[in-house]
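Summary of the model geometry
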Amino acid sequence: MSFRSVVVSAGGTREPWDEVRFLGNRSTGRQGCEVARAALETGADVTLVAGNVEAALIPHGVKVVEAPTAEDMLRQMNAAAAGADLVVMCAAVADFRPVRITGKITRHAETIPTLQLERTPDVLMNLIEHRRENQTIVGFGALTGSEAQVREQGRKKALAKGADLLCVNRVGDGHGFATETNTLIFFDSQGNERGQASGTKLEVAEVMLRLAGEIFQSH
Ligand code: CTP
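Residues numbered from 1 in each chain as written. Predicted model: local features only at pLDDT ≥ 70, side-chain atom pairs only at ≥ 80, totals over all residues. Heavy atoms only, no water.

What to know about the packing of helix α1 (residues 30–41) against helix α5 (residues 201–218)
At a minimum axis separation of 8 Å, α1 and α5 run at an interaxial angle of 55°. Put simply, α1 runs oblique to α5. As α1 packs across α5, the resulting crossing turns out to be right-handed. Contacts between α1 and α5 pair Arg30, Gln31, Glu34, Val35, Arg37, Ala38, Ala39 and Glu41 from the former with Lys201, Leu202, Val204, Ala205, Glu206, Met208 and Leu209 from the latter. Residues of the contact of α1 with α5, tallied by class, amount to eight nonpolar, one polar and six charged. (Axes fitted to C-alpha atoms, helices over the stretch in contact; angles between N-to-C directions. Helix = DSSP H or I, 4+ residues; strand = E, 2+ residues; numbered from the N terminus. Parallel < 35°, antiparallel > 145°, perpendicular 65-115°, else oblique. Left-handed = near helix turned anticlockwise from the far one by under 90°. Contact = heavy atoms within 4.5 Å. Nonpolar A, V, L, I, M, F, W, Y, C, P; charged D, E, K, R; others polar.)

In structure tokens:
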């Protein structure tokens, strides 16, 4: 089973604090770009909703939509997902953003500024709530800890999120972010483990697409 129209988000968001500063993360967008590449290889139409992605990683042949912040990601993913039969939420979207300050914070401020945070929208949950008929939704989960802890927390996260497939990877200690290889453990919406893949980010993306196709067909 291959999907006709695929939307993939990639990269980290940057949440502005003032005119020049932002709160970001270390995601390069490589895993999302490789999901897009793997989907292109199957012959699908692919839209990449790009947070902050290294330009050289973007495969030729995808339609790129920019979404630098969590709020942009919510808007652009909802718009793009309307016509997609597979939606993959690979972006490292901020969970919190600074309460925005107008202008630029100066060094000469009388008191040292405090970074105040507020919640961002959960894009994946939003997509799941507004899922169109026959649409498959895949999420990612970055977890820290031992392999056993990651497995246990991954299962719980899969149950809580309700995505058709949740791809869990271990981050920290050189795993996951800004690396060329990845290990993913796959869970379905019932929290059942559906397999594991290790290899280049393209290889694990290919396994993910195959599993997503199987799940789609079994519905
Ligand atoms: N995600 C999202 N919107 C957010 C944060 C995350 O859509 N504001 C998506 C990510 O793209 C990923 C999934 O949610 O597909 C899991 O993200 P992760 O940060 O690992 O988990 P959280 O839900 O944020 O939970 P926690 O930080 O507690 O692990």
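Quick word on helix α2 (residues 70–81)
With twelve residues, α2 extends 16 Å from end C-alpha to end C-alpha; this agrees with the ideal 16 Å at 1.5 Å per step. Turning to α2, its buried residues number three or more, namely Ala70, Asp72, Met73, Leu74, Met77 and Ala81. Against the buried residues of α2 lie β1 (5–10), β2 (15–16), β4 (45–50), β6 (86–89) and α3 (123–129). (Expected span 1.5 Å × (residues − 1). Buried < 20%, exposed > 50% of the residue type's maximum accessible area, 1.4 Å probe, protein only.)

Points about helix α4 (residues 147–161)
The end-to-end C-alpha distance of α4 is 20 Å, a good match for the 21 Å that 15 residues give at a rise of 1.5 Å each. The set of residues buried in α4 consists of Val150, Gly154 and Ala158. On an axial view of α4, the arc spanned by its buried residues comes to 70°, and they lie on one face. Opposite the buried face of α4, at more than 90 degrees from it, the exposed residues are Ala148, Lys156 and Ala160. Where the residues of α4 are buried, they touch β9 (136–143), β10 (165–170) and β11 (181–188). (Arc of directions from axis to C-beta.)

What about the nonpolar core?
Counting residues in hydrophobic clusters, the biggest one holds 34 residues, and the most contacted among them are Val8, Val88, Val138 and Met208. Among the secondary structure elements, those contributing two or more residues to this core are β1, α1, β4, β6, β9, β10, β11 and α5. The biggest single contributor to this core is α5, with eight residues. Once residues lying within four places of it in the same chain are set aside, the contact partners of valine 88 are Val7, Val8, Ser9, Val35, Met77, Val138, Phe140 and Met208. (Core = buried A, V, L, I, M, F, W, Y, C linked by side-chain atoms within 4.5 Å.)

Overview of the site of the ligand
The full set close to the ligand counts 16 residues, and Ala91, Leu124, Phe140, Lys157 and Lys161 are the nearest of them. Here proline 121 contributes a backbone N or O atom positioned 2.9 Å from a nitrogen atom of the ligand. Leucine 124 is positioned with one of its backbone polar atoms (N or O) 2.7 Å from an oxygen atom of the ligand. Protein burial of the ligand: of its 580 Å² of free accessible surface, 76% is covered by the chains. Of all elements in the fold, only α3, β9 and α4 reach the threshold of two or more residues within the shell around the ligand. In terms of residue count, β9 provides more of the shell around the ligand than any other element does, four residues in total. A class-by-class count of the residues in the shell around the ligand yields nine nonpolar, three polar and four charged. (Near = heavy atom within 4 Å. Polar contact = N/O pair within 3.5 Å; in protein donor to acceptor, adjacent residues only side chain to side chain. Areas by Shrake-Rupley, 256 points an atom, 1.4 Å probe, with all protein chains shown as cover.)

Describing the pairing of β4
Both faces of the sheet carry side chains from a regular strand, because those side chains alternate between them. Burial of β4 is extensive: five of the six residues sit out of reach of the surface. One ladder, built from six bridges, connects β1 with β4; its direction is parallel. Within the sheet, the bridge partner assigned to valine 8 lies in β4 and is leucine 48. Bridge count for β4 against strand β5 (residues 63–66) is four bridges, and the pairing is parallel. (Pairing = 2+ DSSP bridges.)

Some words on the packing of aromatic side chains
Two aromatic rings, taken as a pair, are described by how far apart their centres are and by the angle between their planes. One pass over the structure, following the stated rule, counts one aromatic pair. Seen in terms of ring centroids, phenylalanine 3 and phenylalanine 216 are 5.6 Å apart; in terms of plane orientation they differ by 65°. Their pairing is edge-to-face. In this pair, phenylalanine 3 sits in the segment before β1 while phenylalanine 216 sits in helix α5, placing the two residues 213 residues apart along the sequence. (Phe/Tyr/Trp six-rings, centres within 6.5 Å; stacked < 30°, edge-to-face > 60°.)

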